[in-house]
Amino acid sequence: CETNRSEATVGCCRGGIFDPVDNSCPVSILSAVASDLDPAQPSIRMSRHIESYEQAIEFLYNRINYERVAGSSYTAADFRLDRMRELLRRLGDPQKMIPAVHIAGTKGKGSTAAMINRIAMAAGYRTGLFTSPPLTAFEERMSVNGQLPTPEQIVELVNAVSEPVAEMDKSSGRQCPTYFEIAT
């Protein structure tokens, strides 16, 4: 992770919480070698296949998570849709292949989404539901036809996004996808 505070807080901090006291980020064995951010060096995440549920969760939780970082550690420039658009483009724009109901607002989103999900399932539709935050485990935030993904499916999903994420991490500017962008 970069030691420069302005760089470390824009998405490349893999520990999830930037420490403003010593301008550092905690890092993990999976995603935190200096070569990860140096295009001249091979990336550990490009060459290492995630094999276990624990590694998949570590990969996700070691991304910058602005919900857990002090507000003084980021600016409005850190909240842009271009990172998400680029990640989706690299994944083949999957959002264009499914009809979706997007629920926004301040209260009642989870229960409204759950009701719409159940109504659509009762009508015979195959549904996917994404809510946030989970109560106890990462996979609680998503389901297909009411079924949570298995640990093996989480590994598959993380492996599907890890290479495009590693490629974006190497690009210039503030292109490092965040925890929320990857999880969503």
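Here we summarise the structure given alongside this text. Keep in mind that what you see is a predicted model, and the values were worked out from it rather than measured.

## Describing the pattern of salt bridges
So, step 1. Counted by the stated rule, this structure contains 6 salt bridges.
So, step 2. Ionic pairing is found between R63 and D169, a salt bridge with its closest N-O pair at 2.8 Å. Taken together, the residues R63 in the loop between helix 3 (53-61) and helix 4 (82-90) and D169 in helix 6 (residues 151-170) connect sequence positions 106 residues apart. One exposure class covers both R63 and D169, and it is buried.
So, step 3. A salt bridge links R90 to E86; its shortest N-O distance comes to 2.7 Å. Taken together, the residues R90 and E86, both in helix 4 and 4 residues apart, mark about one turn of the helix.
So, step 4. The network of salt bridges with shared partners includes E86, R89, R90 and E167.

## Concerning the packing of helix 4 against helix 6
So, step 1. Between helix 4 and helix 6, the shortest axis-to-axis distance is 10 Å and the interhelical angle comes to 135°. One way to sum up the angle between helix 4 and helix 6 is to call them oblique. With respect to the hand of their crossing, helix 4 and helix 6 are arranged in right-handed fashion. Contacts between helix 4 and helix 6 pair R83, E86, L87 and R90 from the former with P164, V165, E167 and M168 from the latter.

## Things to note about the environment of G110
So, step 1. Along the chain, the position of G110 falls in helix 5 (residues 109-122).
So, step 2. Taking relative accessible area as the criterion, G110 reaches 39% and is therefore assigned partly exposed.

## With respect to the nonpolar core
So, step 1. The biggest cluster of nonpolar side chains holds 17 residues, and the ones touching the most others in it are F59, L60, F138, I154, V158 and I182.
So, step 2. Elements supplying a minimum of two residues to this core: helix 3, helix 6 and helix 7 (179-183).
So, step 3. Setting aside its immediate chain neighbours within four residues, I182 contacts F59, L60, R63, L87, V161, V165 and P177.

## Description of the environment of G146
So, step 1. Tracing the backbone through its elements, the reader meets G146 in the loop between strand 2 (142-144) and helix 6.
So, step 2. Measuring from C-alpha to C-alpha, the distance between G146 and R118 comes to 8.3 Å, with 28 residues separating the pair along the chain.

Basis of the calculations
Residues numbered from 1 in each chain as written. Predicted model: local features only at pLDDT ≥ 70, side-chain atom pairs only at ≥ 80, totals over all residues. Heavy atoms only, no water. Salt bridge = Lys/Arg side-chain N within 4 Å of Asp/Glu carboxyl O. Helix = DSSP H or I, 4+ residues; strand = E, 2+ residues; numbered from the N terminus. Buried < 20%, exposed > 50% of the residue type's maximum accessible area, 1.4 Å probe, protein only. Axes fitted to C-alpha atoms, helices over the stretch in contact; angles between N-to-C directions. Parallel < 35°, antiparallel > 145°, perpendicular 65-115°, else oblique. Left-handed = near helix turned anticlockwise from the far one by under 90°. Contact = heavy atoms within 4.5 Å. Core = buried A, V, L, I, M, F, W, Y, C linked by side-chain atoms within 4.5 Å.

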